[in-house]
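The chain contents come next:
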Amino acid sequence: MIERREFLMTHTVSLIFEKSKEGKQGWSLPCNHFSDVEIHSLVEANLLRRVHPQLPSVSEPEIVRHYVTLSQKNFSVDTHFYPLGSCTMKYNPKLNEDAARLEGFAKIHPYQPEDTVQGMLHLLYDLEQSLREITGMDRFTLQPAAGAHGELCGMMLVKAYHDGRGDKARTEVIVPDSSHGTNPASAALFGFTVLTVKSDARGRVDLSELKKLAGPKTACLMLTNPNTFGLFEDEIREIQKCIHEAGGLLYYDGANMNALLGLARPGDMGFDIVHLNLHKTFSTPHGGGGPGAGPVGVKKKLIPYLPIPLVEQKNGTYFLNYDVPETIGRLRSFYGNVGMHVRAYTFIRRLGREGLAQASRDAILNANYIKKKIEKEFAVPHPEFCMHEFVAQAVHQNNLGVHATDIAKRLLDFGYHAPTIYFPLIVPEAMMIEPTESESKETLDSFIDVMNQIAREAVHFPDRLKQAPATLEISRPDDVAAARKPVLTYKDYLGAAHLHSEKPEPGTPCPC
Amino acid sequence: MNYLPLTETDRQAMLCDIGVQCFEDLVRVIPSALRVKDLNLPGGTSELELARELAELSAQNQPPSRCLSFLGGGYYDHFIPSVIHHILSRSEFYTAYTPYQAEASQGTLQTVFEYQSMIAELTGMDVSNASNYDGASAAAEAVLLALRHTGRKKILCAQTLHPEYRQTIQTYCSGSHFKVVEIPYDSRGGLDKARLSAEIDSDTAGFIAGTPNFFGLAEDFSGIAQQLREAGALFILSVNPLSLGILKSPGEWGADIAVGEGQPLGIPMSYGGPGLGFFAVKRDLIRKIPGRLVGMTQDRNGKRCFALTLQAREQHIRREKAGSNICTNHALLALAASVYLSVMGREGLKKTAEYNVKSAVYLREHIRQIPGFEIVFGGTIFNEFVIRSTQKSSAEILKNLQNKNILGGLELARFYPELANCILVCATETKTKAELDRLVEALRSNQ
């Protein structure tokens, strides 16, 4: 029997607003050199704010304790195994953090003259070279801020490419039914009609269905490879042929690139556009929901359309090139999430050629190992070797009245973050497990033991699963009530009588 | 490799348990023609060597500690309280992901709830999302929201909105048959209200402007909200959040959507990213807002807690019917902004905002007196303003300043060709009076 761990997660923390008290302050500012000047003499009366923001007044030690206590209420990669499928929750090396905080990277202004930022541009240039080599693409833009932003960039490139050839009839984007939700959302956001191609019994794109969908209206196919089942699309060359013969482009969702470093390259598979998630494969931290970075790589024929500016080099001098006549334009301000680029660059340099390849190999080995060791207890829809992640199903447990969400919640009791659940949408009771290369065999073995124990609990003590988590501060928030009567701010809360049954810890409400 | 815990013995044992001879047996599904032999990349570098190399690359750049910078234009050098760095360095925050599992993410969820509350207060709006990428993409998403909400095809955009935001809006709108009409500025550098009135019609989905505008001027939007409301169009304001310590909020101007770049709220400049896009709306637009929302609710034991909510708007549920494609956002920077606003409180924010105004006005009035320079636009400013060099080219002026280790500002002609020899000069609370005087002296001796 495995013992439950105890956590520092046993009491609620009052809101920072509830800690506020008139007279307290967290700030320290220099004496104003212009204190004799009256602000009303400098700002027109009509432009001055009359309704003042109700921000908390709290001292510095209280602020620190508030946030540090809150931090301890999170599961995170540094504290917990976090096998959240398709999110690649790998270790975020500390050297990356140090690098991004170097003054010469962290404190420079985006409009500084290029001769004052040569080191920065040099790094961005070299990062692009590495990403090209890793993916087999011809050019990259580093601008997109996240994977979905990269997808949007990709859709813009697709449209620009077809328009540029006078081919204006291509209005459809095809996505597999197993694709990430961002794929169809990105295509639709940019005005494309989304067609869904079914997966076949092997969990791959159904080629015969794809052939029926592909045609003169096809702008592109968006594909993740390995796909969200963790399976390599082994008919990729036939898929590529089908789409290209129809006149469409092939888009690579790089969310699962962590399987392929040094093993295979999307560029060689015939993909025309690729996005990478630096916060997945290249170890930049997920930040509790970002920032990430989603560089986009293209084949030669799409280079003319890349967003501006591009980072280039001439005679050892680096510069930003805005002279891209057919560019799709701008996706955001400035040049990208540069702080993330510094971290990804550091990761690539640290691991190098062999290290990157070994990382993917270990990620694949770890996933197959867990799969093998839990497949007696949990159904797996595709009983073949997986790549860096796999999907298990809580279908045996379903008959016992236990669902994927119950298993996920029970895992939290044992100190493991849950897998991604109910995704892919087409698999009933899906649990998508991605261990990454960062986990030791010891961690994997413990996790496996717990998974199998939970499977036994489902049979003998299903209530333990239904009641889980039992060791954490809270258990199963009422999502329905949250959506029916949204309480989204402190002000909403003050007016929400239904939430005042529980008294928060002592503190004086904001008096402002 | 110190990032990889598996030993060679582990690997062999695991392969054996899986029932294969070697790793290659696991990946035979990849057609051999698609396998790469060896990436053409350098081998790994040790931590010590790489740290040295990175420090050398970093040293080739000039941060504000090595030059006196008056650059602004959407990203600003502000004081960042030490607390922020320490809290953002808590790896329980930065190595977690989107709080899908509420019980394992109450820390992140509560900080997002507090962030939403603070942004709503600051902007004078009802609801804020958990963040967008940056000011430009937030502005573009606001425009898409207006187009979708009204079912109309035309967006009016002030020409004084940050030029890179306008370019971003254009790019986002280029997929569908949306029309972006720019409203020019008048001789005072502010919005040409007559032109705006003339352009508002029954196909207008909304109007977006920035304040302070790109010339640093605080705009007067009296009457605009009503005009737009009567036409059934939405009013979108992009604001500098720090200016809201003293300047009228989007809520007070009657805006329907408030967006902006949150970088001034305790986020380092990092050569332009990552920053923070904030996005807040009036209550009737809650179900149209892009991105994550955190709500307060109760758990099954009646305990107060937090969870992601109204997820039926989002891509992972709605797929192609979602209002936005955003997934990963800028949560950690939203945390930075929350800590900043907690540290500052209402008073600290007001003092900082006033400091900016006073520094910038001091600098402006002293440059005004230098022969060879004129102030292009009058009016209320926050922390930047436009000067014109009447004798030498602005490029020459800036080059001379750079020789004295001063970055004098941003040449406006790159965005506004009609503003030749004009420079956008910025002064924040980070500049001492002596530093302001140093720029004035340098400009004086330039002539």
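Residues numbered from 1 in each chain as written. Chains lettered and ligands numbered in written order. Predicted model: local features only at pLDDT ≥ 70, side-chain atom pairs only at ≥ 80, totals over all residues. Heavy atoms only, no water.

Peer 1: Explanation requested: the pairing of strand S10 (residues 390–393) of chain A in the structure shown.
Peer 2: A regular strand carries its side chains on alternate faces of the sheet. Residues and elements named next belong to chain A. Neither face of S10 is left uncovered, since the one carrying Phe 390 and Ala 392 and the one carrying Val 391 and Gln 393 both have all their residues buried. Pairing of S10 with strand S12 (residues 430–433) involves four bridges; the strand directions are antiparallel. Opposite Gln 393, over in S12, you have Ala 430 as the bridge partner. (Buried < 20%, exposed > 50% of the residue type's maximum accessible area, 1.4 Å probe, protein only. Helix = DSSP H or I, 4+ residues; strand = E, 2+ residues; numbered from the N terminus. Pairing = 2+ DSSP bridges.)

Peer 1: Even after reading the chapter, I still don't get the environment of B:Thr108, so can you show me in this structure?
Peer 2: Considering the arrangement of structural elements, one finds B:Thr108 in helix H5 (residues 106–123). Each C-alpha atom, one on B:Thr108 and one on B:Thr98, is 8.3 Å from the other, the two residues being ten residues apart in sequence. Not counting residues within four places of it along the chain, the set of residues in contact with B:Thr108 comprises A:Asn74, A:Gly288, B:Phe93 and B:Pro99. Of note is the side chain of B:Thr108, whose polar atom sits 2.7 Å from the side chain of A:Asn74. (Contact = heavy atoms within 4.5 Å. Polar contact = N/O pair within 3.5 Å; in protein donor to acceptor, adjacent residues only side chain to side chain.)

Peer 1: How should I be thinking about the layout of surface pockets in this particular structure?
Peer 2: Taking a probe equal in size to a water molecule and rolling it over the atoms shows the remaining empty space. Of the volumes computed, that of the largest pocket is approximately 1100 Å³. Around the largest pocket, the lining comprises 45 residues; the ones closest to its centre are A:Thr420, A:Ile421, B:Tyr100, B:Gln311 and B:His316. Breaking the lining of the largest pocket down by element, the ones donating at least two residues are helix H5 (147–164), helix H12 (404–413), strand S11 (420–421) and helix H15 (479–484) of chain A together with strand S10 (304–308) and helix H11 (315–318) of chain B. Of the residues belonging to the lining of the largest pocket, the class tally is 21 nonpolar, 17 polar and seven charged. Its boundaries defined by the atoms lining it, the second largest pocket holds a volume of some 750 Å³. As for the second largest pocket, its lining consists of 35 residues, and the residues nearest its centre are A:Arg101, A:Ala106, B:Ile80, B:Ile267 and B:Pro268. Mapped by element, the contributors of at least two residues to the lining of the second largest pocket are helix H2 (94–100), helix H3 (103–106) and helix H10 (338–374) of chain A together with helix H3 (82–88) and helix H12 (331–368) of chain B. (1 Å grid on protein atoms, 1.4 Å probe; cavity = no way out; pocket = protein on both sides within 12 Å on 5 of 7 lines; lining within 4 Å. Points joined across faces, edges and corners; volume = space filled by probe spheres on them. Nonpolar A, V, L, I, M, F, W, Y, C, P; charged D, E, K, R; others polar.)

Peer 1: Sorry, what's going on with the domain arrangement of chain B here?
Peer 2: By a frequent convention, interface size equals the accessible area lost on bringing the separate parts together. Residue and element names in this part refer to chain B. For chain B, the assigned domains read domain 1 (68–80 + 345–446) and domain 2 (82–340). The gap between the C-alpha centroids of domain 1 and domain 2 is 28 Å. Residue-level contacts link 32 residues of domain 1 with 38 residues of domain 2. Summed over both sides, the interface of domain 1 with domain 2 buries roughly 2700 Å², with 67% coming from carbon and sulfur. Per-residue buried area on domain 1 facing domain 2 is highest for Tyr 75, Ile 80 and Tyr 416; these three make up 28% of the total on that side. At the junction of domain 1 and domain 2, the tally comes to zero salt bridges. Connecting domain 1 to domain 2 are ten residue pairs in polar contact (both at pLDDT 80 or more). The set of elements that each furnish at least two residues to the side of domain 1 that touches domain 2 consists of H12 and strand S12 (384–389). (Domains from an automatic or database assignment. Buried area = accessible area lost by both parts, 1.4 Å probe. Salt bridge = Lys/Arg side-chain N within 4 Å of Asp/Glu carboxyl O.)

Peer 1: Is there a simple way to explain the sheet that holds strand S7 (residues 257–261) of chain B in this structure?
Peer 2: Each strand in a sheet pairs with its neighbour through backbone hydrogen bonds, running either in the same direction (parallel) or in the opposite one (antiparallel). All names here are of chain B. In space, the seven strands of this open sheet follow the order S2-S8-S7-S6-S5-S3-S4, with mixed pairing throughout. Edge positions in the sheet fall to strand S2 (127–128) and strand S4 (179–183), since each has one partner strand and no second. Of the pairings in the sheet, the one linking strand S5 (residues 204–211) to strand S6 (residues 234–239) comprises six bridges and is parallel in character. By the bridge assignment for S6, Gly 210 is matched with Ser 238. The sheet strands contacting helix H7 (residues 163–173) are strand S3 (154–158), S4, S5, S6 and S7, and the helix crosses S4 at an angle near 160°. (Axes fitted to C-alpha atoms, helices over the stretch in contact; angles between N-to-C directions.)

Peer 1: Looking at this model, I keep getting lost on the interface of chain A and chain B. Mind explaining?
Peer 2: Taken together, the 214 residues of chain A in the interface contact 191 residues of chain B. The interface formed by chain A and chain B holds ten salt bridges in total. Note that B:Glu164 and A:Arg330 form a salt bridge whose closest N and O atoms lie 3.3 Å from each other. Between the two partners, chain A and chain B, sit 107 residue pairs in polar contact (both at pLDDT 80 or more). Per element, the largest residue contribution to the side of chain A that touches chain B is 25 residues, and it comes from H10(A).

Peer 1: Is there a simple way to explain H10(A) in this structure?
Peer 2: Counting along an α-helix, one turn takes 3.6 residues, and residues three or four places apart therefore face a common direction. If you check H10(A), its first and last C-alpha atoms are just 41 Å apart, much less than what 37 residues at 1.5 Å a residue would give, namely 54 Å. At A:Gly352, H10(A) is deflected by roughly 100°, the largest bend along its length. (Expected span 1.5 Å × (residues − 1). Bend = angle between axes of the 7 residues up to and from the residue.)

Peer 1: Can you help me understand the environment of B:Asn132 in this one?
Peer 2: Residue and element names in this part refer to chain B. Inspection of the secondary structure assignment puts Asn 132 in the loop between S2 and helix H6 (135–150). Sequence separation between Asn 132 and Gly 275 is 143 residues, and the spatial gap between their C-alpha atoms is 9.3 Å. Each residue touching Asn 132, except ones within four places of it in the same chain, is listed here: Ser 137, Ala 138, Glu 141, Leu 276, Gly 277, Phe 279, Pro 290, Ile 326 and His 330. Within the structure, the side chain of Asn 132 is placed 2.7 Å from the side chain of Asn 129, a separation counted as a polar contact.

Peer 1: Explanation requested: the side chain of A:Asn92 in the structure shown.
Peer 2: Turning to its location among the elements, A:Asn92 is positioned in the loop between helix H1 (60–71) and H2. Filtering out sequence-adjacent residues up to four positions away, A:Asn92 remains in contact with A:Ser283, A:Thr284, A:Pro285, A:His286, B:Tyr94 and B:Thr95.

Peer 1: I tried to follow helix H8 (residues 236–245) of chain A on my own but got confused; where do I start?
Peer 2: All names here are of chain A. Taken together, the buried positions of H8 are Ile 236, Ile 239, Cys 242 and Ile 243. Down the axis of H8, the sector holding all buried residues measures 125°, keeping them to one side. The elements touched by buried residues of H8 are strand S2 (172–176), helix H7 (207–213), strand S4 (218–224), strand S5 (249–254) and helix H9 (266–269). Note on H8: the residue one or two positions beyond its end, Gly 247, has a positive phi of about 95°. (Arc of directions from axis to C-beta.)

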